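Fold and geometry: a report
The chain contents come next:
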Amino acid sequence: MVREMQCWSRAIGVIAMLGSFFPGAATAADARPNILFIAIDDMRPILGSLANEKGGFLSEYYPNASVRASVAARVTPNLDRLAARGVTFTQAYCAAPLCVPSRLSILTGMLPARTNVFRGNGTPIRQLPKKVVREAVTLPQRLRQGGYFAVGIGKIFHASAQIFDGVGNVFEDGPDVAHSWDVWVNRPIGTHRKVIPSQWAPVARKFLSYGTEDGAKEDQYDWRNAGFVADLLRDGEALDRATGEVVRLPEDQPAFIACGINRPHAPWVVPQEFIDRFPLREMKVPRKWLEDGAEDLEDVPAVTKARIRAAKGAGNARKVWREGIRIGGRNGGRLAIAEALRHYLAAQAFADECVGLILDALENSPLRDNTVVVLFSDHGGHLGQKTHFGKETLWEASTRSTLLIADLRPGSAGGIRENVPVSLVDIYPTVCAFAGLATPREVEGESLVPALRGGALKADRTILSMVGWGSFSIRVGRWRYTTMMGSKHAELYNIKADPGERNNLLAKPSPRIRRLEKEMRQAMRAVVSRSRQFRP
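This section reports on the structure supplied with the text. Going along each chain's sequence as written, the residues are numbered from 1 onward. The model is predicted, so local features are restricted to residues of pLDDT at least 70 and side-chain atom pairs to those at 80 or more, both for listing and for counting; the totals for chains, interfaces and linings are taken over all residues. Calculation of side-chain values draws on the structure's entire complement of heavy atoms; hydrogens and water are dropped beforehand.

Turning our attention to helix H2 (residues 65-75). For every residue, the accessible area (1.4 Å probe, protein chains only) is compared with the maximum for its type, and the residue is labelled buried under 20%, exposed over 50%, or partly exposed between those bounds. Only DSSP runs of H or I reaching four residues or more are called helices, and only runs of E reaching two or more are called strands; each is numbered from the N terminus. When we look at burial in H2, the residues that qualify are Arg68, Val71, Ala72, Arg74 and Val75. Mapping the buried residues of H2 onto a view down its axis gives an arc of 165 degrees, with all of them on the same face. Pointing more than 90 degrees away from the buried face of H2 are the exposed residues Ser66 and Ala73. Of the surrounding secondary structure, the elements contacted by the buried residues of H2 are helix H1 (57-61), helix H3 (77-83) and helix H14 (332-363). Think of the arc as the fan of directions from the helix axis to the C-beta atoms. A contact between two residues is defined here by any heavy atoms of the two lying within 4.5 Å.

Next up, the structure:
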């Protein structure tokens, strides 16, 4: 492990605005920290603070060190300042590389082997088949039970808003307002999608969708949602413009404040000012980019290779490349890929600026010195690796995520990089530990608080990701072991030596690698069995 340290009740919440008050959530009677919970959609761990990591995106596409440093300062300056106040978990992995199952796992603390949810369209948690899921105590619900005031906006669960019938009754409670929140603010997410499409990504052709948002950042839904949270932090109150009601933080309870930011989830459509931050002349897409990606698939199992090559539309980088050549001639393929990557970085920079709006308000808030910030992305996603755009694979590109935790209370350390593999299901017990609350029996993660206290995490944990039964992947130390549709179709990588997973050690295994595979298979079976066999 490498460490680099630089010490340094709806009724109470939604009311009409009458008079003034002091927003003192967490008084002497309850001095537990407030929790600021920021969920970002599809954000790869492309952070300025990780710009020079081996095999990283910025190192690959910006090989010139001075250019890379300049780009790094533009892509996530606000996440980087948060990292300077806390811990960056450089090896954080989702339980499932898709929004619905990943967020369900984060908010219940249960792996998909227990929830049995691998895909889905955001069916409300209380309508899911398994009893242990329907009756789960979600993270915000647990905090409410323990005396916290919980308020949320944006994409926290998969659904960001309740759906009402024609007479005002709740028809579908996707955000789980009835159980998880004192106040939930129904708002749209993302951008307005007044799209001016890039010439390299014709939306009508249903290829990779990216372009320019015809409007200012202040008009975008994500920005407005972040602004709501900023007002709440700075002033202790914020206007719900949809209802005309004012949400106020109570004076006698600590607060759990959740904000979901939809970008950089596709489509990569943001205002032009963010796209202009990443000029094409700075990015270097290799001439043999497509050939290198295709070659990288040669040593993976046939079932996995077929799945990638069968990907439709945006998921198939070969089609994006060929469409670029059709539009722009010989160099069109490289230009199409560069434009796609540029728009992704712009979408990530937009999300970062939304975070900055919130952090600026927190710096000027009475809550500043008694707040823990938990910021994460629900999963990663391919940006052309192995000829794929998108998610729902079990490689590092898709399963590795962004996770930053900063304890802003005086005396806390910052600037820590924790390189031990961890899971996003660890967020639940970590927040409970900060709040002084026991976790429910069904929660599977482990608290990460020791990493913020100068302690060590378990280096040999088995971190599980899944895309379905029989399709599992684990990280154990430096190793990634993956089975797709059963153990006959397996991959094994040394992530420390081969972060891009270009050398499947099981393609031509030595006796030592065969022994290691057996150990990995046993570890995988143990964690899946333990998760699956839980009984309430």
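So that's the structure; there's more coming.
Before going further, it helps to examine the sheet that holds strand S10 (residues 210-213). Within a sheet, neighbouring strands are paired by backbone hydrogen bonds and run either parallel or antiparallel to one another. At least two DSSP bridges between two strands are needed for those strands to be called paired. Taken together, the 3 strands give an open sheet; going across it, the order is S9-S10-S14, and neighbouring strands pair in mixed fashion. Only two strands of the sheet have a single neighbouring strand rather than two, namely strand S9 (195-197) and strand S14 (268-271). This sheet shows a mean twist of 35 degrees between the axes of neighbouring strands, independent of strand direction. Lines fitted to C-alpha atoms define the axes here, with helix axes fitted over just the stretch in contact, and angles between the N-to-C directions of these axes take values from 0 to 180 degrees. On top of the sheet, H14 reaches S10 and S14; it is set at about 60 degrees to S14, its chief contact.

Moving on, we come to the sheet that holds strand S18 (residues 400-401). Ordered in space as S18-S4-S21, the 3 strands form an open sheet in which the pairing is mixed. Strand pairing shows two members of the sheet lacking a second neighbour, S18 and strand S21 (422-423), which therefore form its edges.

Before going further, it helps to spend a moment on the nonpolar core. In summary, soluble globular proteins display a tendency toward joint burial of nonpolar side chains. In these notes, a set of buried Ala, Val, Leu, Ile, Met, Phe, Trp, Tyr and Cys residues joined through side-chain atoms within 4.5 Å is what counts as a nonpolar core. Counting 78 residues, the largest nonpolar core has Leu36, Ile38, Val229, Leu233, Ile257 and Leu345 as the members making the most contacts within it. Within the second largest apolar cluster, 44 residues are counted, among which are Cys94, Ala413, Leu424 and Val443.

Cis geometry marks the peptide bond from Arg263 to Pro264; its omega dihedral reads 15 degrees. Here Pro264 shows up in the loop between strand S13 (255-261) and S14. In this structure, Pro267 follows Ala266 across a cis peptide bond, with omega equal to 5 degrees. By the secondary structure assignment, Pro267 is in the loop between S13 and S14. Phi at Thr387 takes a positive value of approximately 60 degrees, unusual for a residue other than glycine. You can see Thr387 is positioned in the loop between strand S16 (382-383) and strand S17 (389-390). Within the chain, Glu501 stands out as a residue other than glycine whose phi angle is a positive 55 degrees. Among the secondary structure elements, Glu501 is positioned in the loop between strand S25 (490-494) and helix H18 (511-532). By relative accessible area, which is 2% here, Glu501 ends up buried.

Time to look at the environment of Ala255. Locating Ala255 in the fold gives a position in strand S13. Expressed as a C-alpha distance, the spacing of Ala255 and Ile35, which sit 220 residues apart in the sequence, is 6.3 Å.

By secondary structure assignment, the location of Gly86 is in the loop between H3 and strand S3 (87-89). C-alpha separation for the pair Gly86 and Ile416, spaced 330 residues apart in sequence, amounts to 6.2 Å. For Gly86, the contacting residues outside a window of four places in its chain are Ile405, Ala406, Ala413, Gly414, Gly415 and Ile416.

Before going further, it helps to examine the packing of aromatic side chains. Only Phe, Tyr and Trp rings take part, Trp by its six-membered ring, and two of them pair if their centres are within 6.5 Å. Stacked means planes under 30 degrees apart, edge-to-face means over 60, and tilted covers everything else. Taken as a whole and assessed by the stated rule, the structure comprises 11 aromatic pairs. Both rings, one in Trp181 and one in Phe256, keep their centres 6.1 Å apart while their planes meet at 25 degrees; by these two values the pair is stacked. On the criterion of sequence distance, the pair formed by Trp181 in the loop between helix H8 (177-180) and strand S8 (183-185) and Phe256 in strand S13 is long-range, its members being 75 residues apart. For the pair Trp181 and Phe256, one class covers both residues: buried. Ring geometry for Trp469 versus Phe472: centroids 6.2 Å apart, planes at 80 degrees, classification edge-to-face. Judged by relative accessible area, which is 34%, Trp469 ranks as partly exposed.

Right, let's talk about the environment of Pro140 for a bit. Examined against the element boundaries, Pro140 turns out to sit in helix H7 (residues 139-145). Among the residues examined, Pro140 registers a relative accessible area of 0% and is labelled buried. Sequence spacing of Pro140 and Trp181 is 41 residues, and the spatial spacing of their C-alpha atoms is 6.6 Å. When sequence neighbours within four positions are dropped, the list of residues in contact with Pro140 reads Leu107, Ala150, Ser180, Trp181 and Phe256.

With that settled, the discussion passes to the pairing of S13. Burial analysis of S13 places 7 of its 7 residues in the buried class, the great majority of the element. Of the strand pairs in this sheet, strand S2 (residues 34-40) and S13 are connected by 6 bridges, and their pairing is parallel. Looking at S13, one finds that Leu36 is bridged to Ile257. By the bridge criterion, 5 bridges tie strand S5 (residues 149-153) to S13 in an arrangement that is parallel. Opposite Ala150, over in S13, you have Phe256 as the bridge partner.

Take helix H4 (residues 99-108) next. Counting buried positions along H4 gives 10 out of 10 residues, so the element sits mostly inside the fold. Among the residues of H4, those classed as buried are Cys99, Val100, Pro101, Ser102, Arg103, Leu104, Ser105, Ile106, Leu107 and Thr108.

Salt bridges are identified by distance alone: a Lys or Arg side-chain nitrogen within 4 Å of an Asp or Glu carboxyl oxygen. Scanning the entire structure with this criterion turns up 33 salt bridges. For Glu396, the salt bridge goes to Arg480, with nearest N and O atoms at 2.8 Å. Here Glu396 is found in helix H15 (residues 396-399), whereas its partner Arg480 is found in strand S24 (residues 479-483), with 84 residues between them in sequence. Like Arg480, Glu396 is buried. Residue Arg409 pairs with Asp407 through a salt bridge whose shortest N-O separation is 2.8 Å. What makes Arg409 partly exposed here is its relative accessible area of 23%.

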